[in-house]
Structures are given as structure tokens and as C-alpha cells.
Amino acid sequence: MHASPLVNRAAVASWASIVGAVALALAGLLFLLQGEISTWVFALVVIGVGSLALWVWWAPGEFQAWLAGRQTQYGTTSILVTILFVAFVAFTYVLIDRANLTVDLTSRQKYSLNAPTLDAIDRLEQTGFRVRIVGFFSRTKLREQEAADLLLRLYEGEGGDRIEVEYIDPDERPEIAAQYGYQPAYDGQFFLSVLASDGEPIPGSVPIYLGGPNERDITTGLLTVASAGSFKVYFTAGHSEADLAQIEATGISALRTSLTGQGIIVEPLRLLEATQTGIPEDASAVLIIGARARFTEQEVQAIDDYVQRGGRLAIFADPPLVDVGEATLTNTFLEEGSPFSDYLWDEFGVRVQPAVVVAPDLNLGNQFSPIVAMIASHDILTGFEDAQIVMRFARPLELVSAPDARQGQYLREPLLYSSEGAYAEFDLERMTGSRPETILDGEDQRGPLLLGVTIRRSLEFQQEAQPRIVIIGDSDVLQNDYVSNFAGNNVLWSDTVDWLTGFSQAVRFAPISDPTTLALVVSSQQRTTIATITMLLLPGIVLLAGGVVWWYRRR
Amino acid sequence: MLKQQVGYSLLVGLAAVLIALLMLDDPAEQQALFMQVRATQQNQQLIVIFPELRSSTQIYGIEVLDVATGQDVLLMRDDQGLWYAPEMPDGQAEIPALQIDQPFVESAVLAINLLAAEQQYEFEPDDRSSFGLEPPAYRIRFVARDSAGVSYAPVILEVGDANPNDTAYYVWPQGGTHLYLIPKPTIDSLLRMLSEPVQALPTPASSALKSEVTALLL
């Protein structure tokens, strides 16, 4: 009796060598795939080593022959060459990766910075600003951070020492997150800080919120910084106007903060002095907020000169009575028959009426704090037509119904309206003294009342001088607590400045190539699939094919 | 033969060049990178803070203190394993085990067994204020024993601010070298002992049963 050749020691040892080699190869592949020594990897290594040991033990002659054989020598050389080649490729990859070398081979240059971005970076360099782009990514957003970094590295590479990029885990650095006004929705979003000479953010400066990792938002932020100082807004002084330095809830300091935060310069303007020199040429806009005294004819003339050369003006006017129960009517700004009131009517066909808006039906707490009921379609407040705008002691406006030739040069666009239930109380004397009262009578004007209007030249784009004016019948609409608490008030302010100065147009960036973000985020499932195909399936097929050939030749 | 030697020499030379290039690379930087990747990988897993606590019955005393208001709840287990509130000087009055809402307290105490952190950070005492631990908002103290009945040293957990994403609290075990970020629901279930009464409200059923038992005893 002879044992079957399939079950004798030599055959078993021969099979063990195959099993051992395959098991070790599989263990290596699994380790690369999983990144850890899992139970399977460990088991395969044990099987591999055990099988090879069995082979060496039961067939030492075959093992020695394998070691000394030509095939082994050539095989060893091949393996060495392969290992060295793989190491060389890997090392070259690491060097290229560190050198931050990228070549965009997409037809639309999807992974390259657009020319306007490169211009923005040049402008940044010329103005001497150094900036830090700070991205907040918590541990749940690490994949997004990797994807965002592809874009941010382009900025960093192009900006040299002018642009730094930093990623912060808000959970690990809550104190820095607080400095940036971090909120949960900002996870995965970017901010921009302007750096001082010591490489730290300028003390007291407000970081600019950029948004997500896309070229449009980041470049807009860079342009905002590069444009710093190009825009200058003047606030008139000398007529008891609202004080920009007042930080209380009823102050308007938030307006200064919002402007300076965008790099817009804020300056006071004494109109009395401007009557000699004229309103400065560098004025992007002149704002009159909460004036209490009438403007002189010379001051009105200075304003007219400014407007006629294409100046931009905003007026936030309060009624003659600025609080209930006051002994007298204290506000003479734009009072009937005053030079400025007459100028606004004669030139533009707009009158700020000597009345107080009373809103019994739609108000915030009392009938003298009307809530704007309707926002007309306009560039100002676009997209915020349903936002709540709250006023306090508002003054209704009147538009000319049949404009003469002079008034006809201008286009008057109503912006804000009160509710239908509101009315304009003209008998303000009734509200003075110790027992103020107001009732709707025949002399009062019924709502909806016009509370805001914009004025510009008809066929503006054909005109050389393009003046723009905004008139709002309230200054409290801009006070700190209203601007902070009501989105409508906030947007009314920012859009008004924007419409007047054209700030957004100057810093807006429209990418030429694909404006979408870099779509390189792959899910965990997709990663596993890719890894399985490239690390298991493809090598597996090669291995299988080799095994089949070897088996066929052996037979 | 010569060809083979030349080939081997070339391979060895190439290997030497690669090794030299690798040696020229900054090993400290490489190690930092490696540690960063490793930390990131570790951060993906929850870290169990007290793995030696396998059952809530191992905990036999717990105290939750609102540091700002001074409101304090202290509960101990009696011989039967039931929770009771001992009298505290200038503090809570004694509440016997029968009047304690046992399931409510057990579920709260279970949270200690389940304490697992989303992240952990090296903690320096100077960092206390950054995480709302100067002073902490709450202090949670508990005593536990192992399965052999040997007591561990009391543990005091200082609970600071919620994280910026408002999903977890910063928690520092007093004297520890690490700060933990623990999901809000876990800590909130412990803090409920301050906001909700630990005393069980008498139900009609339990009152009736009590009367029945009393009548039988008489």
C-alpha cells in the first residue's frame, strides 16, 4: 500500500509553503487596508508563519533547494528591485507632496486660483497687509478640512508670507473660538484676520467672516482687506446728531464697528466748516443720523454741491417731537420752511412731514414703536422682504405727485411702509405736557404711510454724475439694540451703506471657472470601495493569474 | 557574474541614497506628524474614563454641587443597596430610602459608569479659565468600590463650560492630567439630580399598600 501522493509529507509541505506565502501576503494587504493589526491580520500571520515553518520542518531539502536555486536568486533580486522601486516612488511622492507642487490638468482649471484671485493677492501685497485665514474644524469635520486644505494651500502658496492658514479645533481651543464669535454653525467655516507686525491679529480688530471653503468667499475677504481705506464715510456733526461713540443700547456705536470692521474709514464732518472747503472729495457717502437742529442755507448749499457732483447721502430723520411728554417740540431738523426741507422738496420732490407715526395695530410694545409692514422691491433689503424692521418715533414722508422739470430728473423709489392701521399724528402739541394723548381724527393721515425712500437720477447709467440719496423717517432704527436684535434693522443699515458706496461691487469676486467648491470629499463607504479595488481586487487578480500560470506549468 | 554584481551594487547604492535622504529629513517633524495623525485616529473613538466601574452598584455615594448657587445633593447607599440622603450640616435634611425615587437616582448614577469622552486633551492648571473651570459650574463627587469590596479613593469631577459646538461639557477629574469632552446628555442626567426632586412622590397605590401592611401588623 502506498499513500496517496496528495497526502504524503512532501505534498503537505509543498501545499503549506503555498498557503504560508498567500496568508502572509493577505495579512500584509489587510494591514495596509485597515491600518492596524486586527484579529484577521494576526490570524493570517500565524497561519502564514505556521505553514512556512511546517514546510521547512517537513521538507528541509526542498527549502534548501529553494534557497540555493537559480529561481530563488532571480526571485530575490526581483523582490529587492520591486521593493526599492516602490520605496523610490513613495519617497518621490513624499518629496513632491511637501514641495506643494500641483499641476491642474482639468480642462476648466478647476483646481487653480482664478486670475482675479491672483490680482487680489497682488493687491494685498501692494497694500502691505498680512492676513491669517482661520478655519474652524472640529473632529467630526476632518474630512472636510482635508478637502478645504487643497484650496487653502493654493492661497498659502501664492500669498507667500502675506497669507497664513491655520486650522483650529473649536473644542480644543474654545478661547480662540470665542475671540472669533464662534457659533455651532461655524464648524467648517473660515474667518480672516489682519495681522500686526508681531504676527498676531491687530488688537481690537474684528475678524471678517468668510464662509465655507470656496474661492468666491475667500477672495472676497481678501479684496475687502485690500480695499481697506479706499472707502470713507462721513457722519455730519454739529446739529446734535446721534453720537457714534455712544455704546449704550440707544447709541449707534455698532455702526462704526460694522464699517471699520470692513475696512471703511469713518470720519466726522462739520458741515459749517465744509461751507468754506466743500465736502471732501474722498467722501464715499455722507450720513446725517438723528440731527436735532436745522441746517443753514450755506450748509444746504454744500450738500447740494456734493450731490450734484455725484455724492451719496443718507438722512435718518426723527419727528419734531422726539419723546412723549416733552414740554416742547425740540427737533427743528427738516422743520417746515427750513432751507434743507425746502431743498429736498424743490430738488427731489420728497418732504419729511411734521408728524409722528402712530401704529396701534403693528408695533413693538407701544404704538409709537411701529414695525415696518411692507418692504418694497429694491436693491436695498433684497432677500429680506419679510424681515422685521422696528422703529421708534418715526416720521412719515411725502412724495410729489406731479413732479416739475427739476424734480422729474430724479427717480423716487419708495422703500418702507407702515401698516394700514397706522396713522400720522400731525397735532403734536397734544402729545406734549404731562398728559400726552393721540387719537385718529380728520386731520391725521391714514396708513399705510411711507417711512423710507431712495432717490437717484432717472436713467442713472447714462449720467456722468450719479448721486444717490436715502431718506428714512427715523434714526432710532439704527440704535445699537435694534441693529443687534432685529435682522431687518441690521440689513437696512448694511444695504443702505452698500447701495450708497458700492462697496460690495468693489470687493465682490465672481470666479471665472467653476464656482463650486472642490468636490473631493468622498464618503467612508466610497473610500473603502476604492481601497478594496486598488489594494485587494487588482493585486488579487494578478496573484490569482500568477498562481494559475504556475499551477499550469507545474503540471 | 559581473553583471549580477554590478546590479547588486547599483541596488545597494540606491538603497543607501534613499536611507541618506530619509536621515536628512527632520525626524522631529516626522514624529510630530505621526503623533498628530495618531491623535486624530484616537479621537475618532470614545474614551471610557472609568473602565474599572462595571456596574452602578459599585458606586455607593454621590454628591452633585452647583458651585454658583451652593445647591447640593448628597446620596448614599444603605446596607440593602438602596439610596438615601443623609442629613448634612447647614444643608439637606435626612431623607430615608423609602422616600427616594430609586430608579431616578439609579439612572443618574449609571451615567458615571457610562462616562465616555469624545476627546481628551493634555491639561495644564493654567488652562482652567479657558474651559470654564475657574471656578467650575458643577462638582460631582462619588465613591466606589471594586468587586472585592475595596473602596477606591473618592473621585471629584469638575464640570466646566459647554464646548463651542454645544454638544458636550469640559470635565476634569480633580488632580488628573487630562481634560475630557463628555457628551451633554451624560452629564445632564447627573445634573438632573439638582433640577428634579430625588424624593418619590407618594402614589395612591403605595399609600393604600402601606395602610394594608399597617393594618396587618396591627
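Everything discussed here concerns the structure shown above.
The following paragraphs examine the structure supplied in this document. A quick note: this is a predicted structure, and the numbers were derived from the prediction, not measured. (Residues numbered from 1 in each chain as written. Chains lettered and ligands numbered in written order. Predicted model: local features only at pLDDT ≥ 70, side-chain atom pairs only at ≥ 80, totals over all residues. Heavy atoms only, no water.)

1. Remarks on the nonpolar core
Note that soluble globular proteins tend to have their nonpolar side chains buried in a common cluster. Residue and element names in this part refer to chain A. Note the cut-off: Working definition of a nonpolar core: buried Ala, Val, Leu, Ile, Met, Phe, Trp, Tyr and Cys residues. They are joined through side-chain atoms within 4.5 Å. Relative accessible area decides the class of each residue, using a 1.4 Å probe on protein chains only: under 20% of the type maximum gives buried, over 50% gives exposed, and in between gives partly exposed. Counting from the N terminus, the helices are DSSP H or I runs at least four residues long and the strands are E runs at least two residues long.
Phe235 and Leu416 are the most contacted members of the largest nonpolar core, which has 42 residues in total. Counting residues per element, the ones that place at least two in this core are strand 5 (232-237), helix 9 (253-261), strand 7 (285-289), strand 8 (312-316), strand 13 (410-417), strand 17 (468-472) and helix 14 (487-501). Looking at which element gives the most residues to this core, the answer is helix 14, with six residues.

2. With respect to the packing of aromatic side chains
All names here are of chain A. Quick reminder of the rule: Only the six-membered ring of Trp is used, alongside the rings of Phe and Tyr, when aromatic pairs are assigned; centres must lie within 6.5 Å, and planes under 30 degrees apart are stacked while those over 60 apart are edge-to-face, with the rest tilted. Geometrically, a lysine NZ or arginine CZ counts as sitting over a ring once it is within 6 Å of the ring centre and also within 35 degrees of the ring normal.
Tallied over the entire structure, the rule returns 26 aromatic pairs over all chains. With 5.4 Å between their ring centres and 85 degrees between their planes, Tyr343 and Phe348 make a pair best called edge-to-face. Relative accessible area serves as the criterion here: at 8%, Tyr343 is assigned to the buried category. Each member of the aromatic cluster is reached from another via a ring pair, and the members are Phe136, Tyr180, Tyr182, Tyr186, Phe191 and Tyr209. Just above the ring of Trp499 sits the side chain of Arg468; from NZ or CZ to the centre is 4.5 Å.

3. Quick look at the pairing of strand 6 (residues 265-270) of chain A
A regular strand carries its side chains on alternate faces of the sheet. All names here are of chain A. Put simply, the rule is: By the convention used here, strands pair only if DSSP detects at least 2 bridges between them. When the strands point away from the viewer, a crossover counts as right-handed if the route from the first strand across the helix to the second turns clockwise.
With six bridges joining them, strand 5 and strand 6 adopt parallel strand pairing. What sits directly across from Ala237, in strand 6, is Arg270. Once you follow strand 5 into helix 9 and on to strand 6, the crossover reads as right-handed.

4. Section: the sheet that holds strand 2 (residues 59-66) of chain B
Pairing between the strands of a sheet comes from backbone hydrogen bonds, and it takes one of two forms, parallel or antiparallel. All names here are of chain B. Counted only if it meets this: We call two residues contacting when some pair of their heavy atoms lies within 4.5 Å. Only the stretch in contact is used when a helix axis is fitted, and all axes are lines through C-alpha atoms; the angle between N-to-C directions ranges over 0 to 180 degrees.
Overall, antiparallel pairing links the eight strands, which are arranged 4-3-2-7-8-9-10-6 in an open sheet. With partners counted over all chains shown, the strands left at the sheet margins are strand 4 (83-84) and strand 6 (119-122), one partner each. In this sheet, strand 7 (residues 138-144) lies alongside strand 2 in antiparallel orientation, the contact comprising seven bridges. Residue pairing in the sheet places Leu65 in a bridge with Arg139 of strand 7. Against the sheet, helix 3 (residues 102-113) engages strand 2, strand 3 (72-77), strand 4 and strand 7, with an angle of about 90 degrees to strand 2. Against the sheet, helix 4 (residues 184-195) engages strand 2, strand 3, strand 7, strand 8 (155-162), strand 9 (168-173) and strand 10 (178-183), with an angle of about 85 degrees to strand 2.

5. Quick word on the packing of helix 5 (residues 115-127) of chain A against helix 8 (residues 215-226) of chain A
Residues and elements named next belong to chain A. What counts, and what does not: Orientation is classified from the angle alone, with under 35 degrees giving roughly parallel, over 145 giving roughly antiparallel, 65 to 115 giving roughly perpendicular, and any other angle giving oblique. Working rule for handedness: look at the near helix, and if it is turned counterclockwise from the far one by less than a right angle, call the crossing left-handed; if clockwise, right-handed. Residue polarity follows a fixed list, in which Ala, Val, Leu, Ile, Met, Phe, Trp, Tyr, Cys and Pro are nonpolar, Asp, Glu, Lys and Arg are charged, and the others, Gly among them, are polar.
It is the contact of helix 5 with helix 8, at a shortest axis distance of 9 Å, that shows an interaxial angle of 25 degrees. When the axis of helix 5 is compared with that of helix 8, the two are roughly parallel. The way helix 5 lies across helix 8 gives a crossing that is left-handed. Contact residues: Pro116, Thr117, Ala120, Ile121, Arg123, Leu124 and Thr127 in helix 5; Glu215, Thr219, Leu222, Leu223, Val225 and Ala226 in helix 8. A breakdown of the residues in the contact of helix 5 with helix 8 according to their chemical character gives eight nonpolar, three polar and two charged.

6. Focus: a negative patch on the surface
Residues and elements named next belong to chain A. Going by this rule: Each patch is built from residues lacking any salt bridge and having more than 30% relative accessible area; the joining distance is 9 Å for like charges and 5 Å for nonpolar side chains (Val, Leu, Ile, Met, Phe, Trp, Tyr). Accessible surface area values rest on a Shrake-Rupley calculation with a 1.4 Å probe, where residue burial reflects the displayed protein chains alone. By convention in these notes, a salt bridge is any Lys or Arg side-chain nitrogen within 4 Å of a carboxyl oxygen on Asp or Glu. Only four residue types enter the charge count: Lys and Arg as positive, Asp and Glu as negative, with His and the chain ends excluded. Lysine's charge is taken at NZ, arginine's at CZ, aspartate's at CG and glutamate's at CD.
On the surface, Asp119, Asp122, Glu125, Glu158 and Asp161 cluster together into a negatively charged patch. Among the elements that line the negative patch, the one with the most residues is helix 5, at three residues. With respect to the helices, strands and loops of the structure, Asp119 is situated in helix 5. The exposure class of Asp119 is partly exposed, given its relative accessible area of 46%.

7. Re the environment of Ile112 of chain B
Residue and element names in this part refer to chain B. The residue Ile112 is located in helix 3 in this model. The class for Ile112 is buried, based on a relative accessible area of 0%. With 56 residues separating them along the chain, Ile112 and Ser56 place their C-alpha atoms 7.7 Å apart. Not counting residues up to four positions away in its chain, the partners in contact with Ile112 are Phe50, Leu53, Ile59, Ile62, Phe142 and Leu190.

8. As for the packing of helix 1 (residues 9-34) of chain A against helix 16 (residues 524-554) of chain A
Residues and elements named next belong to chain A. Axis separation between helix 1 and helix 16 bottoms out at 10 Å; the angle between their running directions is 165 degrees. Overall, the two elements helix 1 and helix 16 adopt an arrangement that is roughly antiparallel. Of the two possible hands of crossing, helix 1 and helix 16 adopt the one that is right-handed. In this structure, helix 1 uses Ser14, Trp15, Ile18, Leu29, Leu32 and Leu33 to contact helix 16, whose residues at the interface are Ala531, Thr532, Met535, Leu536, Trp550, Trp551 and Arg554. Its residues assigned to classes, the contact of helix 1 with helix 16 shows 10 nonpolar, two polar and one charged.

9. Digging into unusual backbone geometry
All names here are of chain A. A cis amide bond, omega 0 degrees, links Gly447 with the succeeding residue Pro448. Relative to the helices and strands, Pro448 resides in the loop between strand 15 (445-446) and strand 16 (450-457). With phi around 60 degrees, Ser240 is a residue other than glycine that occupies positive phi space. Note on placement: Ser240 falls in the loop between strand 5 and helix 9. Looking at Ser240, the relative accessible area reads 54%, which means it is exposed. For Leu334, which is not a glycine, the phi torsion comes out positive at approximately 60 degrees.

10. Regarding the pairing of strand 2 (residues 163-168) of chain A
All names here are of chain A. Of the strand pairs in this sheet, strand 1 (residues 130-136) and strand 2 are connected by six bridges, and their pairing is parallel. In the sheet register, Ile133 faces strand 2, and the bridge partner there is Val165. In terms of handedness, the path from strand 1 via helix 6 (residues 142-159) over to strand 2 forms a crossover that is right-handed.

11. Observations concerning the pattern of salt bridges
All names here are of chain B. One pass over the full model with this rule turns up 20 salt bridges over all chains. Note that Glu63 is salt-bridged to Arg141, the shortest N-O span being 2.6 Å. Here Glu63 is found in strand 2, whereas its partner Arg141 is found in strand 7, with 78 residues between them in sequence. Assessed through its relative accessible area of 36%, Arg141 is described here as partly exposed. For the salt bridge of Arg139 with Glu158, the shortest nitrogen-to-oxygen distance reads 3.3 Å. Here the residue Arg139 occupies a position in strand 7, and Glu158 occupies one in strand 8, the gap between them amounting to 19 residues. Arg139 gets classed as partly exposed once you look at its relative accessible area, which sits at 27%. The exposure class of Glu158 is buried, given its relative accessible area of 2%.

12. Here's the deal with the sheet that holds strand 10 (residues 356-358) of chain A
All names here are of chain A. Strand order in the open sheet formed by three strands is 10-14-15, with antiparallel pairing between adjacent strands. The open sheet has two edge strands with one neighbour each: strand 10 and strand 15. Here two bridges tie strand 14 (residues 423-425) to strand 15, and the two strands are oriented antiparallel to one another. Across the sheet, Ala424 pairs through a bridge with Gln445, a residue of strand 15.

13. Considering the side chain of Ser51 of chain A
All names here are of chain A. As for its position among the elements, Ser51 is in helix 2 (residues 39-58). According to the relative accessible area criterion, Ser51 is buried, its value standing at 11%. Those residues in contact with Ser51 that lie beyond four places of it in its chain are Ala16, Ser17, Val19 and Gly20.

14. Re helix 9 of chain A
Residue and element names in this part refer to chain A. Those residues of helix 9 that fall on the buried side of the exposure criterion are Ser253, Leu255, Leu259 and Gly261. Next to the buried residues of helix 9 lie strand 4 (208-211), strand 5, strand 6, strand 7, helix 13 (480-485) and helix 14. Phi turns positive, to about 85 degrees, at Gly263, one or two residues after helix 9.

15. Details of a nonpolar patch on the surface
All names here are of chain A. A cluster of nonpolar side chains, namely Phe31, Leu32, Ile37, Phe42 and Val46, defines an oily patch on the protein surface of about 540 Å² accessible area. For the nonpolar patch, the secondary structure elements donating two or more residues are helix 1 and helix 2. Tracing the backbone shows Val46 in helix 2. The partly exposed category is assigned to Val46, whose relative accessible area is 45%.

Function cannot be inferred from these measures alone, as they are strictly geometric.
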